[in-house]
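# Breakdown of the fold
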Amino acid sequence: MTATTAPTEAPVSRSLSGPQSQVAGLAAVLGVLLVVAFLWMGPQQFVNALTLGAIYALIAIGYTMVYGIIELINFAHGDVFMVGTFVSLGFLTQLGFNAAINDPVLLTVVLAADFAFTMVVLGIAGMAIERVAYRPLRNAPRLAPLITAIGVSFILQNLVQGVPPYFGFGPFNANSPQIFPTDIAVEIGNASIPVLSLFIIVVALAMMIGLQLFVGRTRIGRAMRSTALDRDAASLMGVNINRTIAITFFIGSALAGAAGVTFGLQYGVTNSGLGFQAGLKAFTAAVLGGIGNTVGAALGGFIIGFIEVGAAVAGFNSWGPAIVFGTLVVVLVFRPSGLLGQQVGERA
Amino acid sequence: MTAVTDLPTPAPAPGIRERVRTFSGRHRSTTILVGMAVIGLVLPLIASVPPFTSFQTQTAWIDGFANAGIFVLLAIGLNLVVGVAGLLDLGYAAFFAIGSYAYAYAASPYGNQILGIDVAAALGPAVGIVFWPMLIIGAFVAAVFGILLGAPTLRLRGDYLAIVTLGFGEIVPIVFREAATVTNGTNGIGGIYRPWVPGLGTFSAINPIPYYIVTLGLVAVVLIFAYRLVESRVGRAWEAIREDELAAAANGINTVTTKLLAFALGASTAGIAGVLNTAKLTVVSPDQFTFTISFTVLAMVVLGGMGNFWGVGVGAFVIYTINNVVLHSLNQFFDAMQVPILMDIDFLQLQFLLYGLALVGMMLLRPEGLFPNNRRKRELHADMTDPSADEMLSTESTEEGSR
């Protein structure tokens, strides 16, 4: 039935040579752009752009996974990220870690615990949101889940304004403890690159590679891919659709939580209105990369990071959101399928 | 307004109710005019009797009603987009902002200086008359921006429109704030001339009655337009697109231009509301047009009943009044009484949490809203009551690829 009524956007034929040469060309163009950006911004801003891009990429992956599997723009996802910054902040302050930790062993343990705690809490929150607000509307007209999504976004924002004051911070702006020493830096030429930035980039890349392996190599990943491709057929093949979608939400929200932790470490502040703009930018990243495609989302995240930092370098700091939005419209007009093409269903 | 006549009030005799219903169906515009006149007379009277006077004075009530009327206009306009045509517009405040600034440029010394004209010198004491052409110009400018935004995005599937409008709603205030050389930045534009209408008395901050009358009139006119549009050929096309875009296209509807028309008309209504709002506030600044405005209006539309104009009008009126009178009074009451926990809660802050809960709750439990539109109700409940549920499921999966 899919093929008969929807011939216009049937899966594009994926011959091996076509996309590969396309990807190679794209990689070449991006490589040249990276060199240009490096020469223009200098190493310091280049690393800043990579760090910001890594955070956007982690958020964008959540958008793209959810969109890939249930075709819903999860407006609440940016706010899930924002909640992540607050959960991490709460975890660290409640345990008494308010300043930089210089002991490497303790730092590793605390960071690992912080990431694990925040990611699990956010993952469960994401599953709960899906269960309560999206699952009952899975077969409703598509306006309905979009409206609940925007409702959930507002609920999260206002809960964060209401709850954290009881733990002694907030309600709007809060200082997040920077337990990772910000003054340790690597000297490259005449620029000093903070180790923290490198740490964030490495962690983000590791998570993205891990996700790629998980989706590509495991049984659950296969279930996710098949659900994205054709929910009914997957269900007939014995895939538990509800569980698969819940796991997708868990992973997407956990990655947003990880982004929240890294945001707190990098910038040392958070704000209950943070999720709105971050969500918008991350969604732009997901569309830019080709929505539904996790590699594309990661790529898009880094590109948005470069655009935003580039705008700041060029002296248009407060125009950042406007420039990112302009990018979104341009992409939608000229290449709505994104840089890496329409691969909805190919990846979860 | 049919609001009065269609409400399931305990009718004295079913015969009269039936006759009123028939009349309102045949003479919609007359009914709207009569209904708005009745409402316009009854509201100030209600505000002058005891339980209501204890909240605030009658003048304050009428001022509040005029402000509520601006939100009623916004809700009617958004309903055209979201409720009738089924396009989710999350940046509606942007068009409100554009209308507001359009009036500010035409009717303030600062704006005139930027535009290189001098309205005050040309018109003298009757400078407020510029309000009337600006209603149309403001609507037109907002519609142009609606088309500029909608043209690239309405060709894509509906979700993209939601996110693009969300972005647009975020960007427009940034532009008004950052382009400070022509917009006066964060301070905004002040000293805006108040409207002038022969025979309506002085428009001023302490005399809200002229504003109240003008607002009532505009709501009536916009309602008449809205009802006539929805019952016309293009209105049926909007509903067809909302229910099934593929089927609508297959039946010869140009979906892109039809959607664009809905989007532009919705934007122009926001432009009108913006002109009126600025003429009332006499000052405009970027921070008036945050996402909370868009969100509030969306909540009004969803709660009132998507697709039903009088329903969203009533929804907007009630929500605005609750926010600005009841929540405010609760704050003052608990502060005055020194109630331990409740006095710490800012009920005005709580409103957005309530909106969020209401949006989720309504969509889950009663997606057709409090005052449902019949066709919309059938659509929203189709898959829940339809015995052939697998049919729906497979249709839904086919649509994934095609929208």
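Residues numbered from 1 in each chain as written. Chains lettered and ligands numbered in written order. Predicted model: local features only at pLDDT ≥ 70, side-chain atom pairs only at ≥ 80, totals over all residues. Heavy atoms only, no water.

We now examine the overall build of chain A. Secondary structure summary: chain A contains twelve helices and four strands in total. Buried positions account for 55% of the 348 residues belonging to chain A. Of the contacts formed within chain A by residues at least 6 apart in sequence, a portion of 78% connects residues at least 24 apart. As presented, chain A carries roughly 14200 Å² of accessible surface, and 68% of it is formed by carbon and sulfur atoms. (Helix = DSSP H or I, 4+ residues; strand = E, 2+ residues; numbered from the N terminus. Buried < 20%, exposed > 50% of the residue type's maximum accessible area, 1.4 Å probe, protein only. Contact = heavy atoms within 4.5 Å. Areas by Shrake-Rupley, 256 points an atom, 1.4 Å probe, with all protein chains shown as cover.)

With 51 residues of chain A in contact, the opposing surface of chain B contributes 53 residues. Counting the surface lost from both chain A and chain B, the interface buries some 4800 Å², and carbon and sulfur atoms represent 72% of this. Counting every contact that joins chain A to chain B gives zero salt bridges. Here chain A and chain B share one residue pair in polar contact (both at pLDDT 80 or more) between them. Among the elements of the structure, helix 1 (2–5), helix 4 (104–134), helix 5 (143–162), helix 8 (231–236), helix 10 (274–289) and helix 12 (320–334) of chain A are those that each provide at least two residues to the side of chain A that touches chain B. Take the side of chain A that touches chain B: its biggest share by element is 13 residues, from helix 5 of chain A. The class makeup of the residues in the side of chain A that touches chain B is 35 nonpolar, ten polar and six charged. (Buried area = accessible area lost by both parts, 1.4 Å probe. Salt bridge = Lys/Arg side-chain N within 4 Å of Asp/Glu carboxyl O. Polar contact = N/O pair within 3.5 Å; in protein donor to acceptor, adjacent residues only side chain to side chain. Nonpolar A, V, L, I, M, F, W, Y, C, P; charged D, E, K, R; others polar.)

The next subject is helix 10 (residues 158–178) of chain B. For helix 10 of chain B, built from 21 residues, the straight-helix expectation of 30 Å at 1.5 Å per residue is met to within 8% by its first-to-last C-alpha distance of 30 Å. Of all 21 residues that make up helix 10 of chain B, 17 are buried, and the element is covered over most of its length. (Expected span 1.5 Å × (residues − 1).)

Turning our attention to the side chain of A:Asn158. Position of A:Asn158 among the secondary structure elements: in helix 5. Reaching out from A:Asn158, the side chain makes a polar contact with the backbone oxygen of A:Phe154 at a distance of 2.8 Å. In this structure, A:Asn158 is in contact with B:Gln349, B:Phe352 and B:Leu353, ignoring residues within four places of it in sequence.

This next bit is on the confidence of the model for chain B. Residue and element names in this part refer to chain B. With 87% of its residues at a pLDDT of 70 or more, chain B has an overall mean of 81. Every residue in residues 384–403 scores below 50 in pLDDT, and together they form 26 contacts with partners more than four places removed in sequence or on other chains. Model confidence for the complex is summarised by a pTM of 0.82, with the ipTM given as 0.78. (pLDDT = per-residue confidence, 0-100.)

Here we take up the packing of helix 7 (residues 219–229) of chain A against helix 9 (residues 241–267) of chain A. Residue and element names in this part refer to chain A. Close contact between helix 7 and helix 9 brings their axes to 10 Å; oriented N to C, the two are set at 105 degrees. What the angle tells us is that helix 7 and helix 9 run roughly perpendicular. For the pair helix 7 and helix 9, the contacting residues are Ile 220, Ala 223, Met 224 and Thr 227 in the first and Ile 241, Thr 244, Ile 245, Ile 247, Thr 248 and Ile 251 in the second. The residue inventory of the contact of helix 7 with helix 9, partitioned by class, reads seven nonpolar, three polar and no charged. (Axes fitted to C-alpha atoms, helices over the stretch in contact; angles between N-to-C directions. Parallel < 35°, antiparallel > 145°, perpendicular 65-115°, else oblique.)

Attention shifts here to the confidence of the model for chain A. Residues and elements named next belong to chain A. Chain-level statistics for chain A give a pLDDT mean of 82 and a share of 89% at 70 or above. Predicted confidence in chain A is weakest over helix 1, with a mean pLDDT of 38, and strongest over helix 9, with 93. Low pLDDT, under 50, characterises residues 1–18; the predicted model gives this stretch 15 contacts beyond four residues in sequence or across chains.

Residues and elements named next belong to chain B. Taken together, the side chains of Val 34, Val 38, Leu 41, Val 42, Ile 46, Val 49, Phe 52 and Phe 55 make up a nonpolar region of the molecular surface, amounting to roughly 650 Å² of accessible area. Sorting elements by how many residues they give to the nonpolar patch places helix 3 (residues 28–46) first, with five residues. Of note, Val 38 is situated in helix 3. Exposure remark for Val 38: the relative accessible area of 40% places this residue in the partly exposed category. (Patch = residues over 30% accessible without salt bridge, like charges linked within 9 Å, V, L, I, M, F, W, Y side chains within 5 Å.)

A word on the pattern of salt bridges. Residues and elements named next belong to chain A. This structure, assessed with the given rule, holds seven salt bridges over all chains. Among the salt bridges present, the one from Arg 138 reaches Glu 130, with a minimum N-O distance of 2.8 Å. Summarising the burial analysis for this pair, Arg 138 and Glu 130 share the class buried. Between Lys 281 and Glu 308 there is a salt bridge, with the nearest N and O atoms lying 3.1 Å from each other. Of this pair, Lys 281 sits in helix 10 while Glu 308 sits in helix 11 (residues 294–313), and the two are 27 residues apart along the sequence. Classification of Lys 281 as buried rests on a relative accessible area of 8%. The class of Glu 308 is buried, set by a relative accessible area of 18%. Residues joined by salt bridges that share partners form a network here, namely Glu 130, Arg 135 and Arg 138.

Residues A:Phe75 and B:Phe95 are the most contacted members of the largest nonpolar core, which totals 226 residues. Considering every element that reaches this core, the biggest residue donor is helix 2 (residues 17–70) of chain A, with 19 residues. (Core = buried A, V, L, I, M, F, W, Y, C linked by side-chain atoms within 4.5 Å.)

Right, let's get into helix 9 of chain A. Residues and elements named next belong to chain A. If you check helix 9, its first and last C-alpha atoms are 39 Å apart, about what 27 residues at 1.5 Å a residue would give, namely 39 Å. With 23 of 27 residues buried, helix 9 lies mostly within the body of the structure. Sitting at the head of helix 9, Asn 240 places a side-chain oxygen 3.3 Å from the backbone nitrogen of Asn 242. Count one or two residues on from helix 9 and you reach Gly 268, which has phi positive near 70 degrees.

The subject of this paragraph is the environment of B:Gly15. All names here are of chain B. If you trace the backbone, Gly 15 turns up in helix 2 (residues 14–26). Residue Gly 15 is classed as partly exposed on the basis of its relative accessible area, which comes to 39%. Taking the C-alpha atoms as reference points, Gly 15 and Gly 305, 290 residues apart in sequence, are found 27 Å from one another.

Under the defined criterion, the tally for this structure stands at 29 aromatic pairs over all chains. When the ring of B:Tyr101 is compared with that of B:Phe289, the centres are 6.5 Å apart and the planes differ by 55 degrees; the resulting orientation is tilted. Placement of the pair is B:Tyr101 in helix 6 (residues 92–106) and B:Phe289 in the loop between helix 15 (255–281) and helix 16 (291–304), with a sequence separation of 188 residues. Each member of the pair, B:Tyr101 as well as B:Phe289, is classed as buried. Ring centres 6.0 Å apart and planes at 90 degrees place the aromatic pair B:Tyr103 and B:Phe131 in the edge-to-face group. In this pair, B:Tyr103 is assigned in helix 6 and B:Phe131 in helix 9 (residues 131–153), connecting sequence segments 28 residues apart. The exposure class assigned to B:Tyr103 is buried, which follows from its relative accessible area of 0%. Classification of B:Phe131 by relative accessible area gives buried; the value is 0%. Among the aromatic residues, ring-to-ring pairing joins A:Phe154, A:Phe276, B:Phe291, B:Phe295, B:Phe352 and B:Tyr355 into one connected group. Its end group placed over the ring of B:Tyr211, B:Lys280 keeps NZ or CZ at 5.7 Å from the ring centre. (Phe/Tyr/Trp six-rings, centres within 6.5 Å; stacked < 30°, edge-to-face > 60°. Lys NZ or Arg CZ within 6 Å of the ring centre and 35° of its normal.)

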